[in-house]
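Listed below, chain by chain, are the residues.
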Amino acid sequence: MNEEGVYIYCIIQENAHRGFGPIGINNQEVNLVHYQDIAAVVSHTPIINFDRLDKTELTKYVAIHQQVIEEVRKEYDAVPLTFGIIAPSSDEVSRILAKAYLQFKMALREVSGKAEFVVQARWDPKRVLEELANADPEIQKLKQEVSSKGGILGIPLKLKLGKLVHQKIEARKQEYIKEIHTALNAISGDTTLNKLIDAEMIANFSLLIEKNRETELDERMQELGKTYEGKLRFKYIGPMPPYSFININLGLGNFEIIDEARKLLGLGEAAAGDEIKKAYYALARQYHPDKYGAEAEADEKMKAIIKAYRILENYCRSCDELKGRVGGQSYSFKEEEVKNSLIIK
């Protein structure tokens, strides 16, 4: 007899009992496991070692995972979990929800009313190379120098030419990426750059966009197509569950992420809402890329500061919601207080 577990598809905000029908893995009933005001969408399943499955079988299970999430998203905002998470029991699912409660609540607020869209841009590398060779003065000059010297004497110039061409191509690519990002940033709540999947692809963005702005995205994509006609080819995919914008660390509990966040903002073991905002704004001004310099480093620092502020903001809001109080008072970040604040007595 196979050992049975509980497969977890996604997390939603719901405190009532309900089911979604026999749409889960192996046609099992999909229902909810609750913790406070959130719930995991689950189905019972034999324990499966997905790493040992062949491609066809694995693709079938991945498709079911995605289909369940899409069905749930017809009625709820959902935080999708990575494919293949099986807990040993419903009690363990509840424990996971409790441990990462604040992360799930924060993620649910972040994706509320939004969906992920992927925008990809491609070019023809050979065509770009030809354009640069025919139009760039630096490249033309160096080509002439290479032509005037043959044999061993020309090798250093050829290497220099290759390096220059590579720099020019990369500069043009970065220019295009920046222009595309600027064009799409106005309608996107958040953006990530994904890995390139072939030699012709120069940009692979994931955008977190409000569902009611899909028409606006379509219009922007048509404008980009006209602007870069003959230079770039565009494709966009969506709406999809916001996988690229979910970063749940199941190894971290509520206290660990709060403690890390308050330390990053330079706060003590207790602070009022206004103090948290003040600390955030002070650091945001200090590390703003325009003042801090070293753009990549400043950008990463700002992202960490923003994330820390959102964590504490969500913790304070959750405390107020669960205890039925109005914000404004002091919030404790001590371990015992954090645990007690996120439990309904």
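Residues numbered from 1 in each chain as written. Predicted model: local features only at pLDDT ≥ 70, side-chain atom pairs only at ≥ 80, totals over all residues. Heavy atoms only, no water.

Enquirer: Just to check I follow, could you spell out the overall build of the protein chain for this structure?
Expert: A count of helical and extended segments in the protein chain gives 12 helices and 12 strands. Relative to the 2.2 N^0.38 estimate, which gives 20 Å for 345 residues, the radius of gyration of the protein chain is 26 Å and therefore markedly larger than a compact globule would have. Here the protein chain, with 345 residues, has 41% of them falling under the buried criterion. Considering only intrachain contacts with a sequence separation of at least 6, the fraction spanning at least 24 residues in the protein chain is 72%. (Helix = DSSP H or I, 4+ residues; strand = E, 2+ residues; numbered from the N terminus. Rg over C-alpha atoms; globule rule 2.2 N^0.38 Å. Buried < 20%, exposed > 50% of the residue type's maximum accessible area, 1.4 Å probe, protein only. Contact = heavy atoms within 4.5 Å.)

Enquirer: Mind showing me how you'd approach the side chain of D259 here?
Expert: As for its position among the elements, D259 is in helix 8 (residues 254-264). Classification of D259 as buried rests on a relative accessible area of 13%. Within the structure, D259 has its side chain in polar contact with the side chain of R262 (distance 3.1 Å). (Polar contact = N/O pair within 3.5 Å; in protein donor to acceptor, adjacent residues only side chain to side chain.)

Enquirer: What should I look at first to understand the pattern of salt bridges in this one?
Expert: Any two side chains of opposite charge can pair if their charged atoms end up close together. Going through the model one piece at a time under the given rule, you end up with 18 salt bridges. The shortest N-O distance in the salt bridge between K168 and E138 comes to 2.8 Å. Taken together, the residues span a long stretch of sequence, with K168 in helix 6 (residues 155-185) and E138 in helix 5 (residues 137-148) at a distance of 30 residues. With relative accessibility at 46%, the residue E138 sits in the partly exposed group. When salt bridges with common partners are traced through the structure, they connect R127, E131 and R172 into a single cluster. (Salt bridge = Lys/Arg side-chain N within 4 Å of Asp/Glu carboxyl O.)

Enquirer: Would you explain unusual backbone geometry in this entry?
Expert: As a rule of thumb, non-glycine residues mostly have phi less than zero, and peptide bonds are mostly trans rather than cis. Of note, the bond from G238 into P239 is cis; its omega dihedral lies within 30 degrees of zero at 0°. Structurally, the position occupied by P239 is in strand 10 (residues 233-240). A positive phi angle is found at N26, which is not glycine, with a value near 60°. One can find N26 in the loop between strand 2 (19-21) and strand 3 (30-35). By relative accessible area, which is 36% here, N26 ends up partly exposed. With phi around 60°, N27 is a residue other than glycine that occupies positive phi space. By the secondary structure assignment, N27 is in the loop between strand 2 and strand 3.

Enquirer: I keep staring at the environment of I311 and nothing clicks. Help me out?
Expert: Tracing the backbone shows I311 in helix 11 (residues 295-323). When its relative accessible area of 6% is taken as the criterion, I311 is described as buried. The spatial distance from the C-alpha of I311 to the C-alpha of A107 is 9.9 Å, given a sequence separation of 204 residues. Those residues in contact with I311 that lie beyond four places of it in its chain are L102, M106, I257, I258 and A261.

Enquirer: Explain the pairing of strand 9 (residues 201-210) here, please?
Expert: The two faces of a sheet get side chains in turn, since along a regular strand they alternate between them. Of all the 10 residues making up strand 9, 9 are buried; the element is thus mostly covered by neighbouring parts of the structure. Two strands pair when backbone bridges link them, and strand 7 (residues 114-122) and strand 9 are joined in this way by 9 bridges, in the antiparallel orientation. Bridge pairing in strand 9 links K114 to E210. In this sheet, strand 9 lies alongside strand 8 (residues 190-193) in antiparallel orientation, the contact comprising 4 bridges. Bridge assignment links T191 to a residue of strand 9, and that residue is L207. (Pairing = 2+ DSSP bridges.)

Enquirer: It is not clear to me how the pairing of strand 4 (residues 38-46) should be interpreted in this structure. Could you clarify?
Expert: With 7 of 9 residues buried, strand 4 is to be regarded as a mostly interior element. Note: strand 1 (residues 4-13) against strand 4, 9 bridges, orientation antiparallel. Bridge pairing in strand 4 places Q13 opposite I38. Where strand 3 meets strand 4, 5 bridges bridge the pair, whose relative direction is antiparallel. Across the sheet, H34 pairs through a bridge with A39, a residue of strand 4. Between strand 3 and the antiparallel strand that follows it, strand 4, lie 2 residues; Q36 among them carries a positive phi value of about 55°.

Enquirer: How do you make sense of the packing of helix 4 (residues 125-135) against helix 5 when you look at a structure like this?
Expert: The description of two helices packed together rests on the angle between their axes and the distance between the axes. Contact geometry for helix 4 and helix 5: axes closest at 6 Å, N-to-C directions at 80°. Taken together, the axes of helix 4 and helix 5 lie roughly perpendicular to each other. Across from L132, A133, N134 and A135 in helix 4, the residues of helix 5 making contact are P137, I139, Q140 and K143. Class assignment of the residues belonging to the contact of helix 4 with helix 5 gives a composition of 5 nonpolar, 2 polar and 1 charged. (Axes fitted to C-alpha atoms, helices over the stretch in contact; angles between N-to-C directions. Parallel < 35°, antiparallel > 145°, perpendicular 65-115°, else oblique. Nonpolar A, V, L, I, M, F, W, Y, C, P; charged D, E, K, R; others polar.)

Enquirer: It is not clear to me how the side chain of H34 should be interpreted in this structure. Could you clarify?
Expert: With respect to the helices and strands, the residue H34 is situated in strand 3. By relative accessible area, H34 is classed as buried at 19%. In this structure the side chain of H34 is engaged in a polar contact, spanning 2.7 Å, whose partner is the backbone oxygen of A16. Beyond its immediate stretch of four places on either side in the chain, H34 contacts E14, N15, A16, H17, A39, S94 and L97.

Enquirer: Would you explain the nonpolar core in this entry?
Expert: Soluble globular proteins tend to bury their nonpolar side chains together. Of all hydrophobic cores here, the largest spans 29 residues; its most connected members are I180, L184, I202, F205, L207, L217 and L232. It is helix 6 that provides the largest number of residues to this core, a total of 8 residues. When neighbours within four sequence positions are excluded, L217 is seen to be in contact with F117, L184, I187, L207, I209 and Y236. Ranked by size, the runner-up nonpolar core spans 27 residues in total, among them L265, L267, Y280 and Y287. (Core = buried A, V, L, I, M, F, W, Y, C linked by side-chain atoms within 4.5 Å.)

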